[in-house]
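Coordinate analysis (summary)
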Amino acid sequence: MTRRHFRNFIFFPFSVLVIIVILIWIATPFIAKHYLTTFFQEQGEEASVDTISVDFFPPKIDIKNLVVTKQQQETLSLKHATFEVRIWPLLARTVRISEASIDGFQVTLAQQEKDWIVAGINTSQYFAEEAEEKEPAVKETPSENSAPWSINLPTFSFTDSQLYLSRQLNPKTPAQLDSFTLKKLTVKDLSGQGKSWNGEISLSALVNQARFSVSSLFDYSPEETSLDVKIEDTLLPIDSFQNFIPEPYNKTIGKLSLDGQLQLEQTQVNNEPFIEIKQLVLNSVIEDLDLSLNNGERVQTKSTALSISQSTIQFSSAEKLKATANITLKSQNTSFNQEDIIASYESFDFENALSVEMNDGLLTAQNNQLSINIQGLKGSFEEDKKVSIETVSLTAEQINADIDSQQAPSIIGTNLQFESTSFDSFLTDDKRIASFDKTGFNGLSFTQKGEVFDVALDLFGVDNLTFSEALTASGESQKALPALTYVGKIQVQNIKADSKGVSIDSIISDTVKVNTIISSNKALANLVFQEEQDSETASNTIPQASLQGSGSPKASDAQHAIENTPNAEQEPAFKAPYYVALKSFDITGESAVHVQDQSIKPALQRTLNIDTLSLRDLNTQDKEQATVLSLKARNGKYSTLDSNITIWPLADALTMQSTLVVKEAELPPYSSYIANALGYQIDSGQLNLDLKLDADNGVLDGNSHVLLRQFNLGGRQESNSVIKAGAVPLNIAVGILKDSDDNIDLDIPLSGNVNNPEFGWKSFLVQPVRAALYKVSSNYLMQTFIPYANVITIAQFAGEQLLKVRVEPLIFTAEEIQLNSSQDTFLEQLVALMKDKQESQLKACGVTSYLDLGFEKPPAELNDKMKALALNLAQERADNLKGFLVEKGISSSRILICSPEVDLSKSSQPRVELNF
């Protein structure tokens with residue numbers, strides 16, 4: 001090649017090309033600035049940039065100090081940005097970005113109704129109002145031999161940048177302002193081809209005042225993936241996200257701190273994706289949380305921390321899952337509000353090692369070393385109702401559960417321990433429902449599958465249990481009433497239960513005190529659950545229990561039903577009752593039952609001190625097992641009660657052996673209870689009772705020895721039991737039974753058959769007493785009232801051991817009101833009886849017959865005038881009788897005049913009814 005050819009065809013063209021490239025390189029920044037500023041001017045903004053540098057070999061763009069303003073407000077700024085691409089890797093279908101960084105980028109975004117404004121530019125102008133129909137582009141099918149492009153990015157950094165977001169969807173509401181700060185985003189060794197990528201990314205950013213930092217190392221391909229993620233230095237105040245949270249949750253305040261890490265691996269196993277998360281660690285703390293929910297619900301907490309460690313999770317698309325984790329939850333000063341229910345606690349600690357596995361529909365969960373501790377638990381509901389517990393502790397060695405969609409779920413618990421202290425509950429501020437100092441159980445293990453279960457418990461106990469206590473004085477009380485029930489200690493040992501029954505080795509109740517306080521309206525004054533009632537309402541609230549028999553199924557009934565079931569596979573119609581087996585029950589310590597009854601006058605106050613109360617060998621499964629009940633008690637220093645009962649609970653009919661001995665029981669305190677029945681108060685008296693009663697298959701055999709010492713009746717009390725037609729005063733009848741020592745001594749045989757439909761406790765107790773009284777008193781009564789045979793008549797009921805004592809009326813001739821000679825014998829005996837029985841009082845009730853009014857037959861009714869005349873006639877007869885008796889020396893105060901009556905019955909006679 002000649003020099004001229006070289007100069008003309010190589011040197012000059014190359015020189016021209018170089019000059020053109022240099023000119024383009026020199027002009028490009030100016031052209032870029034021109035078009036950049038022109039673009040923003042068209043949008044009504046001003047743009048300035050210090051440097052725009054463009055290099056071609058290698059391709060590189062460098063921008064410094066770009067600022068866009070609108071109305072003297074910055075809408076976009078960029079401190080520095082650099083991008084550099086290597087040329088030679090392009091020949092190998094590889095894009096290698098050797099340098100990439102953005103620093104100090106700031107932009108303002110605004111959302112207004114349906115428009116987005118970016119850096120002061122309304123983006124809606126770039127979208128056509130109607131989309132033009134375009135023919136679908138023909139996709140080029142890549143060549144089978146063409147390899148995908150690769151991308152290689154050794155490093156990329158995005159630092160110190162901010163995005164300001166303003167949202168105003170409704171022009172009538174103020175705009176919501178938020179800021180996003182990108183402190184640092186770093187990408188290292190990012191490379192990828194097609195769907196396979198790997199690299200390292202770290203991010204540190206702020207959302208308003210919330211900060212978070214995440215770093216990740218990843219290697220992804222469709223066949224296999226690995227990912228390492230680490231979260232640290234993350235603090236998220238909830239108010240930083242209020243603008244993004246819907247109502248009512250956007251009023252929540254508090255802050256969340258978070259750090260953790262995990263490793264994720266995804267592979268193919270048997271042509272199915274298999275995902276495993278390893279080394280999962282999570283530590284999160286919520287502080288000063290105040291969360292408002294729907295319907296006035298609210299959650300508050302001072303601090304709640306959740307920690308998860310030593311965790312792995314494995315799962316695949318074939319419903320297979322396996323996970324393990326150590327979980328710790330610690331919470332302080334937390335409260336929950338829901339309408340009128342408030343619950344809170346001072347601290348809550350939870351620890352558990354959890355393992356969960358799911359395989360082909362079978363879910364297995366294992367909880368190891370479970371521990372729950374709560375302090376300062378409180379709750380209130382329905383205005384004044386409150387409950388509080390100082391501490392609650394629950395531990396479990398293991399709790400396992402198997403849930404199978406094809407079978408009944410099963411659960412197993414091993415060695416559970418529970419303890420709670422200082423429990424208190426209130427109906428109102430001055431009404432305690434129940435309280436205890438300490439309760440808990442040890443050694444609880446159980447298994448359950450469907451309705452079949454098995455439970456074993458070593459020990460259950462309660463200390464200082466109080467039930468139903470009024471804390472302030474009210475009503476008739478001058479001071480706070482004692483609790484209805486107090487138990488110093490309850491211990492239940494060795495409990496075993498299953499779906500058929502329960503067995504207990506022993507129950508011990510120490511220092512049991514029961515206080516029965518009956519108010520004047522016959523209500524339990526120290527029962528805090530009852531509402532205030534007036535006396536009439538309260539007196540009608542006592543339920544009437546039926547004593548027809550319990551109707552409880554017997555073992556023989558169950559066996560008979562099973563044996564007579566036609567099909568062995570069919571369940572019998574009769575199901576055997578749930579059995580209870582108790583080896584021993586004892587009440588120890590200073591136990592007592594105190595009764596205070598203010599509904600009677602004088603009020604009763606008695607205390608029965610229990611020295612021994614025990615139950616042995618209660619077993620509702622064993623028909624041959626006898627149960628023994630023993631009671632020793634005393635009232636004061638001298639009155640004692642001793643009872644022993646041996647009973648066979650499962651016998652087909654009542655079978656038992658019993659004794660009851662009562663010594664020196666003072667009767668006057670109980671006078672008010674029986675005054676209505678007796679008609680008199682009890683002035684003095686002491687009861688000794690020796691009762692022996694046996695039952696053999698319902699056949700009773702026994703004897704009761706009753707000794708009443710110095711039994712004396714006092715003043716008369718009006719009684720519903722006094723027959724209107726007249727009765728002898730009870731104090732006269734009592735005197736009949738006394739011996740020379742002023743005692744009443746009776747031996748009463750007891751017998752009967754409980755299977756007899758006519759048998760009842762009333763007939764069983766009353767008939768023998770009635771027989772004994774009749775035996776002693778019948779002849780004496782007959783002889784006592786013979787001198788007054790015209791006034792007092794005594795008749796014996798045929799076939800019964802009963803006497804009917806009747807005061808005869810004073811008969812008048814029709815239309816007469818004055819006493820006459822035909823009545824002399826009756827009147828003489830009446831005067832003698834009243835002088836003989838100085839304590840007696842007489843009621844005289846005048847009665848007018850239809851014969852007094854001149855009728856031959858009783859009329860259907862009387863007019864007012866005739867009725868007034870008849871009543872006046874009856875009144876005069878009673879007045880004349882009283883006048884006669886007073887003249888004979890009887891005190892007028894002993895003679896009471898009743899309201900006059902008219903008797904229109906067919907057999908009526910003119911008379912004065914008498915009644916003592």
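Conventions and cut-offs
Residues numbered from 1 in each chain as written. Predicted model: local features only at pLDDT ≥ 70, side-chain atom pairs only at ≥ 80, totals over all residues. Heavy atoms only, no water. Helix = DSSP H or I, 4+ residues; strand = E, 2+ residues; numbered from the N terminus. Buried < 20%, exposed > 50% of the residue type's maximum accessible area, 1.4 Å probe, protein only. Contact = heavy atoms within 4.5 Å. Areas by Shrake-Rupley, 256 points an atom, 1.4 Å probe, with all protein chains shown as cover. Pairing = 2+ DSSP bridges. Disulfide = S-S within 2.5 Å. Patch = residues over 30% accessible without salt bridge, like charges linked within 9 Å, V, L, I, M, F, W, Y side chains within 5 Å. Salt bridge = Lys/Arg side-chain N within 4 Å of Asp/Glu carboxyl O. Lys, Arg positive; Asp, Glu negative; His and termini not counted. Charge placed at Lys NZ, Arg CZ, Asp CG, Glu CD. Polar contact = N/O pair within 3.5 Å; in protein donor to acceptor, adjacent residues only side chain to side chain. Phe/Tyr/Trp six-rings, centres within 6.5 Å; stacked < 30°, edge-to-face > 60°. Expected span 1.5 Å × (residues − 1). Core = buried A, V, L, I, M, F, W, Y, C linked by side-chain atoms within 4.5 Å.

Another aspect to go through is the overall build of the protein chain. If you tally the helices and strands in the protein chain, you get 8 helices and 39 strands. Residues counted as buried form 32% of the 916 residues belonging to the protein chain. In the protein chain, 57% of the contacts between residues at least 6 apart in sequence involve partners at least 24 apart. Roughly 55,200 Å² of accessible area belongs to the protein chain as shown, and the carbon and sulfur atoms make up 54% of that amount.

Here we come to the pairing of strand β16 (residues 341-359). Relative to β16, strand β15 (residues 320-338) is paired through 18 bridges, and the arrangement is antiparallel. When the bridges of β16 are listed, Thr-328 appears paired with Glu-351. A loop of 2 residues connects β15 with β16, the two strands running antiparallel in sequence, and Glu-339 in this loop sits at a positive phi of about 50°. The sheet contact formed by β16 and strand β17 (residues 362-381) spans 15 bridges and is antiparallel. Its bridge partner lying in β17, Ala-343 is registered against Gly-379. Following β16, the chain reverses through 2 residues before pairing antiparallel with β17; Asp-360 in that reversal takes a positive phi of roughly 55°.

Our next topic: the state of the cysteines. Inspection of the entire model under this criterion finds 1 disulfide. Here Cys-845 engages in a disulfide with Cys-898; their sulfurs sit 2.3 Å apart. Taken together, the positions of Cys-845 in strand β36 (residues 842-849) and Cys-898 in the loop between β37 (895-897) and β38 (901-903) put the pair 53 residues apart, joining distant regions of the chain.

On the surface, Glu-339, Asp-340, Glu-383 and Asp-384 cluster together to form a negatively charged patch. Mapped onto the fold, Asp-340 is located in the loop between β15 and β16. Since its relative accessible area comes to 42%, Asp-340 is described here as partly exposed.

Glancing now at the environment of Thr-301. Summarising the element assignment, Thr-301 is placed in strand β14 (residues 298-316). In this structure the C-alpha to C-alpha distance between Thr-301 and Ser-344, which are 43 residues apart in sequence, comes to 9.2 Å. The contacts of Thr-301, once residues within four sequence positions are left out, are Ile-286, Glu-287, Asp-288, Leu-289, Ser-331, Gln-332, Asn-333 and Thr-334. Within the structure, Thr-301 has its side chain in polar contact with the side chain of Thr-304 (distance 2.8 Å).

Before going further, it helps to spend a moment on the side chain of Gln-686. Locating Gln-686 in the fold gives a position in strand β30 (residues 680-696). Only 2.8 Å separates the side chain of Gln-686 from the side chain of Glu-666, close enough to count as a polar contact. With residues up to four places along the chain from it excluded, the contact list for Gln-686 reads Glu-664, Ala-665, Glu-666, Leu-667, Leu-707, Leu-708 and Arg-709.

Once that is clear, we can look at the packing of aromatic side chains. Summed over all chains, the structure comprises 8 aromatic pairs. Where Phe-418 meets Phe-441, the ring centres are 5.5 Å apart and the plane angle is 25°; that geometry is what we call stacked. Of the two residues, Phe-418 is situated in strand β19 (residues 410-428) and Phe-441 in strand β20 (residues 431-449); the sequence distance between them amounts to 23 residues. Given the relative accessible area of 18%, Phe-441 is considered buried.

Moving on: the side chain of Asn-521. Within the fold, Asn-521 resides in the loop between β23 (501-518) and α2 (535-539). The buried category is assigned to Asn-521, whose relative accessible area is 14%.

This structure, assessed with the given rule, holds 17 salt bridges. Its salt-bridge partner being Arg-211, residue Asp-233 comes within 3.1 Å of it at the nearest N-O pair. Highlighted residues: Asp-233 in strand β11 (residues 225-237) and Arg-211 in strand β10 (residues 210-220), separated in sequence by 22 residues. Since its relative accessible area comes to 52%, Asp-233 is described here as exposed. When its relative accessible area of 33% is taken as the criterion, Arg-211 is described as partly exposed. Three or more residues are tied together by salt bridges with common partners; here these are Asp-424, Arg-432 and Glu-469.

Once that is clear, we can look at the environment of Ser-584. As for its placement among the helices and strands, Ser-584 is situated in strand β24 (residues 579-588). Owing to a relative accessible area of 15%, Ser-584 belongs among the buried residues under this scheme. Expressed as a C-alpha distance, the spacing of Ser-584 and Leu-629, which sit 45 residues apart in the sequence, is 10.0 Å. Sequence-distant contacts of Ser-584, that is, excluding residues within four places in its chain, are made with Asp-505, Ser-506, Ile-507, Leu-615 and Arg-616.

All right, on to helix α8 (residues 864-887) then. Across its 24 residues, α8 extends 35 Å between first and last C-alpha, which sits within 8% of the 34 Å expected from 1.5 Å per residue. Listed in full, the buried residues belonging to α8 are Ala-870, Leu-873, Ala-874, Arg-877, Ala-878, Leu-881 and Leu-885. Those residues of α8 that are buried are in contact with β35 (810-811), α7 (824-836), β36, β37, β38 and β39 (911-915). Residue Gly-889 follows α8 closely and has a positive phi angle near 95°.

In this structure, Leu-416 and Ile-504 are the most contacted members of the largest nonpolar core, which totals 33 residues. Residues Ala-47, Leu-76, Leu-182 and Phe-218 belong to the second largest nonpolar core, which totals 25 residues.

With that settled, the discussion passes to a nonpolar patch on the surface. Where nonpolar side chains cluster on the molecular surface, the patch consists of Ile-87, Trp-88, Leu-90, Leu-91 and Trp-149 and spans about 580 Å² of accessible area. Inspection of the secondary structure assignment puts Trp-149 in the loop between β6 (121-122) and β7 (150-168). Since its relative accessible area comes to 40%, Trp-149 is described here as partly exposed.

One ladder, built from 18 bridges, connects β17 with strand β18 (residues 385-404); its direction is antiparallel. Residue pairing in the sheet places Leu-363 in a bridge with Ile-403 of β18. Between the end of β17 and the start of β18, which pair antiparallel, lie 3 residues, with Glu-382 showing a positive phi angle near 50°.

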